[in-house]
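Summary of structural features
What follows is the residue order along each chain.
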Amino acid sequence: MPTSGTVLLVRPEIASPLDGWSWYGAHQLMEIVGVPFHQDTEGWANADVIVVPNSSRPNQVLELVQKALQSGKLVVVGCEIALALLQANIDIGATPVMPIPLPPTEPSDLLPLRAYALLPAAFTETTLPLLGEPLLFAPSRQTLGTVRTTDGRQGPLVWIQQVGDGVLVTLCGRVFETCGLFLSRFSWFANPHRRDSFLHRIDPLWDEQLKPWHRFPVVSFYARFFAWLLSVVLWEQGKLLPLRWCLPHQDGSPFRMALTALHDVEIVYDDPVWKRQDNPNYCFAQWLELEERLNIRSAFFFLSPVTALPPHWRLNYEITDEPVLAAFDLIEEKGGEIGLLSIAHASESALAMERERLEDLGGVFVWGVRSYRFGNTPASIRHKSAVGFAYDSSWFAGQNEPSFLTGCVHPFRPLDAERWQVLPLVELSAVLDDRVLFGELVGRHQNGNATHSGIHFCETVFALNGVACLSWQQHTFNQRATSFEQLALHCRQLTEGAIWCPAPREIAEWWTMRNEVGISERPISKRWWRVEIFPPEDLDEEISFVLAIPVPRKVQVLREKTILPTQMLGTWGAMNIWGVPLILEPDECIALSVGVTI
């Protein structure tokens, strides 16, 4: 596998939350959209693109930025890095708009903004959120979009300038910081309505932003926007940016959306004294039969407490009950999986004991976890990763209608916000929960509009080629299975059958492997490139992988002089996204010749 890739992400010294959010936001934007990147600054000379997130100490990266521009690289910087370049007497093709606001140093200083950003026609919103006041510039060259401050001043969202032999792209709005904060939101506390510690200081931002933007996946859109920006500028330089498509393929047909199901098991019996299967709340067989008919694979999450419960909590079942053990057997027989509905959040050891108890007494293997009633602490995400879960799907706290609280329709890797590390745990973020959909959590019932709201949610996920997780409680089959089926069928119709329906653990495994696929490219003539794909080092069986090639024209792809089939996956403005379905084998590099028509 290559030691360097097309893009270098510079990790700054993290001296403030803004530094951490900026780096983490850039990191996850590129993972989500499939940009191959590395963080080894020693290998900067081999990269085509240098991404430098904002930093409270910008002077530490100025030498690298200047050398990269002198070497003809494409350099992407934040507004504070651009200001530091100006202060170092480097002409960046723009002047500050006075007065220059001071960068915020505390979360309480952050003010919400709106940034205009080229939204798809399918959406009615005209603005997207950005974090904090920008440094407004007046560029003399090409600009994209605008940022507008709370007092009405305006400036460009992005501008592009030739500097020396290189190209400088400046993000004036805090795109990276905004996305980093969205994705790390529940790394601080699970419930967005809690008013303590760090979250208390950023809650005013959410209170403002959730009103217009909570139903729009801000992060997934910015990821697509950023990949489009890199692709366009590199293409103008005669370079190609091959990407990892966000979903696999089947028999050469790339998937356009993924759909899986989650079931919290909070209630098993109508009367816990009489522990029997023949009661209206024991719905395992009905769910599995319906999902088999819909070709959906699901996970059931069971409670397995090892610590004392709060006085008002009452468990409806024990995992050692014979009907529950029978449900385990049935779920595994039908190809489903068992997950942990966790009560222990503050302690890694208690969380590990919950998992061990469920596995030992239930005779199952536990892949994923969901938090019960959101009693999280800032370290909860780290505990879930350390215990060895493949994925977490706890993303519907505090909602009163279907929404994208992390701004994302794709899986992502969470942030350990105390140690500023990206964790290997995979988050399934676009969770549509039946309690939210039907208004149960806010004390109202909206049966008439529930399915329509769910359809809008799923259509948004499909528009960005994401992963939808339908989360219906196990005991609600008789009341809500019809809406579940309608949503699943609508998703299949939307995608014209190009829909992937894996178990949740398969999504986590795929996302982990997909982000470890190495890609390198180099030109071999004016309109031909050699692209090499390297499988993950720990790959032990073949995986389906789709190489995505954004170019303004058609492509032709050859492998050992044989033409491979390509499919149009979509468009980003004038850029067409071509998909090349491949099968990656362990230890086998794939070399392709990619040509673009005139």
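Coordinates for the structure precede this section.
Summarised in this report is the structure supplied together with it. Everything quoted here is computed from the prediction, not taken from an experiment.

A short note on the overall build of the chain
Each helix and strand in the chain was counted, giving 15 helices and 33 strands. A buried classification covers 61% of the 598 residues belonging to the chain. Looking at the chain alone, contacts between residues at least 24 apart form 73% of all its contacts between residues at least 6 apart. Per element, the accessible surface of the chain, about 22,800 Å² overall, is 48% carbon and sulfur.

Observations concerning the packing of helix 8 (residues 284-294) against helix 9 (residues 322-333)
If you want to describe how two helices pack, look at the angle between their axes and the distance between the axes. Axis separation between helix 8 and helix 9 bottoms out at 10 Å; the angle between their running directions is 5°. Considered as vectors, helix 8 and helix 9 are oriented roughly parallel to each other. On the side of helix 8, the interface is formed by Phe284, Ala285 and Leu288, while helix 9 contributes Ala327, Leu330 and Ile331. Residues belonging to the contact of helix 8 with helix 9 are distributed by class as follows: six nonpolar, no polar and no charged.

Side note on the nonpolar core
Proteins that are soluble and globular tend to have nonpolar side chains buried together. Counting 171 residues, the largest nonpolar core has Phe302, Ile533 and Leu547 as the members making the most contacts within it. Per element, the largest residue contribution to this core is 14 residues, and it comes from helix 7 (residues 218-236). In this structure Leu547 touches Pro242, Leu243, Ile519, Val531, Ile533, Trp578, Gly579, Val580, Leu582 and Leu592, once residues within four positions along its chain are discounted. Counting 29 residues, the second-largest nonpolar core is a separate cluster that includes Leu8, Ile50, Leu69 and Ile81.

Focus: the pairing of strand 31 (residues 567-572)
Sheet analysis places strand 31 next to strand 32 (residues 575-584), joined by five bridges and oriented antiparallel. Residue pairing across strands places Trp572 opposite Met575, the latter belonging to strand 32. Where strand 31 folds back onto strand 32 in an antiparallel hairpin, the turn is made up of two residues, including Gly573, whose phi is positive at roughly 60°.

Brief notes about the pattern of salt bridges
Enumeration according to the criterion identifies 26 salt bridges in this entry. With its nearest N and O atoms 3.4 Å apart, the salt bridge here joins Glu318 to Arg357. Within this pair, whereas Glu318 is found in the loop between strand 16 (298-303) and helix 9, its partner Arg357 is found in helix 10 (residues 348-362), the two being separated by 39 residues in sequence. Take Glu318: its relative accessible area is 33%, and that puts it in the partly exposed class. Across the pair Arg559 and Glu588 runs a salt bridge whose closest N-O atoms are separated by 3.2 Å. Within this pair, whereas Arg559 is found in strand 29 (residues 555-559), its partner Glu588 is found in the loop between strand 32 and strand 33 (590-596), the two being separated by 29 residues in sequence. One network of salt bridges, with partners in common, ties together Asp264, Glu266, Arg370, Asp433 and Arg435.

Examining the packing of helix 2 (residues 62-70) against helix 3 (residues 79-87)
Where helix 2 meets helix 3, the closest approach of the two axes is 11 Å, and the angle between their N-to-C directions is 80°. By the angle between their directions, the pair helix 2 and helix 3 is classed as roughly perpendicular. Within the contact between the two elements, helix 2 uses Leu62, Val65 and Gln66 and helix 3 uses Ile81, Ala84 and Leu85. Looking at the contact of helix 2 with helix 3 residue by residue, the class counts come to five nonpolar, one polar and no charged.

Some remarks on the packing of aromatic side chains
Counted under the stated rule, the structure contains 19 aromatic pairs. Ring geometry for Phe302 versus Phe328: centroids 4.6 Å apart, planes at 80°, classification edge-to-face. In this pair, Phe302 sits in strand 16 while Phe328 sits in helix 9, placing the two residues 26 residues apart along the sequence. Grouping residues by exposure puts Phe302 and Phe328 together as buried. Here a set of aromatic residues connected by ring pairs shows up, and it is made of Tyr282, Phe284, Phe300, Phe302, Tyr317 and Phe328. Across the ring face of Phe365, the terminal group of Arg355 is positioned such that the distance to the ring centre comes to 5.4 Å.

Some thoughts on a negative patch on the surface
Side chains of Glu516, Glu537, Asp538, Asp540, Glu541 and Glu542 sit close together on the surface and give a patch of like negative charge. The topology assignment puts Glu516 in the loop between helix 15 (504-515) and strand 26 (518-523).

Comments concerning the side chain of His475
Tracing the sequence through the fold places His475 in the loop between strand 24 (467-471) and helix 14 (477-494). The exposure class of His475 is buried, given its relative accessible area of 15%. Beyond its immediate sequence surroundings of up to four residues, His475 is in contact with Ile267, Pro280, Asn281 and Cys283.

Quick look at helix 9
In this model, helix 9 (twelve residues) spans 17 Å end to end at C-alpha, consistent with the 16 Å of a helix rising 1.5 Å per residue. The set of residues buried in helix 9 consists of Pro323, Val324, Ala327, Phe328 and Ile331. Taken around the axis of helix 9, the buried residues stretch over an arc of 150°, which confines them to a single face. Exposed residues pointing more than 90 degrees away from the buried face of helix 9 are listed as Glu322, Asp329 and Glu333. Close packing links the buried residues of helix 9 with helix 8, strand 16, strand 17 (337-342) and helix 10. Directly after helix 9, the chain includes Gly335, whose backbone phi takes a positive value near 85°.

Definitions and limits used
- Residues numbered from 1 in each chain as written.
- Predicted model: local features only at pLDDT ≥ 70, side-chain atom pairs only at ≥ 80, totals over all residues.
- Heavy atoms only, no water.
- Helix = DSSP H or I, 4+ residues; strand = E, 2+ residues; numbered from the N terminus.
- Buried < 20%, exposed > 50% of the residue type's maximum accessible area, 1.4 Å probe, protein only.
- Contact = heavy atoms within 4.5 Å.
- Areas by Shrake-Rupley, 256 points an atom, 1.4 Å probe, with all protein chains shown as cover.
- Axes fitted to C-alpha atoms, helices over the stretch in contact; angles between N-to-C directions.
- Parallel < 35°, antiparallel > 145°, perpendicular 65-115°, else oblique.
- Nonpolar A, V, L, I, M, F, W, Y, C, P; charged D, E, K, R; others polar.
- Core = buried A, V, L, I, M, F, W, Y, C linked by side-chain atoms within 4.5 Å.
- Pairing = 2+ DSSP bridges.
- Salt bridge = Lys/Arg side-chain N within 4 Å of Asp/Glu carboxyl O.
- Phe/Tyr/Trp six-rings, centres within 6.5 Å; stacked < 30°, edge-to-face > 60°.
- Lys NZ or Arg CZ within 6 Å of the ring centre and 35° of its normal.
- Patch = residues over 30% accessible without salt bridge, like charges linked within 9 Å, V, L, I, M, F, W, Y side chains within 5 Å.
- Lys, Arg positive; Asp, Glu negative; His and termini not counted.
- Charge placed at Lys NZ, Arg CZ, Asp CG, Glu CD.
- Expected span 1.5 Å × (residues − 1).
- Arc of directions from axis to C-beta.

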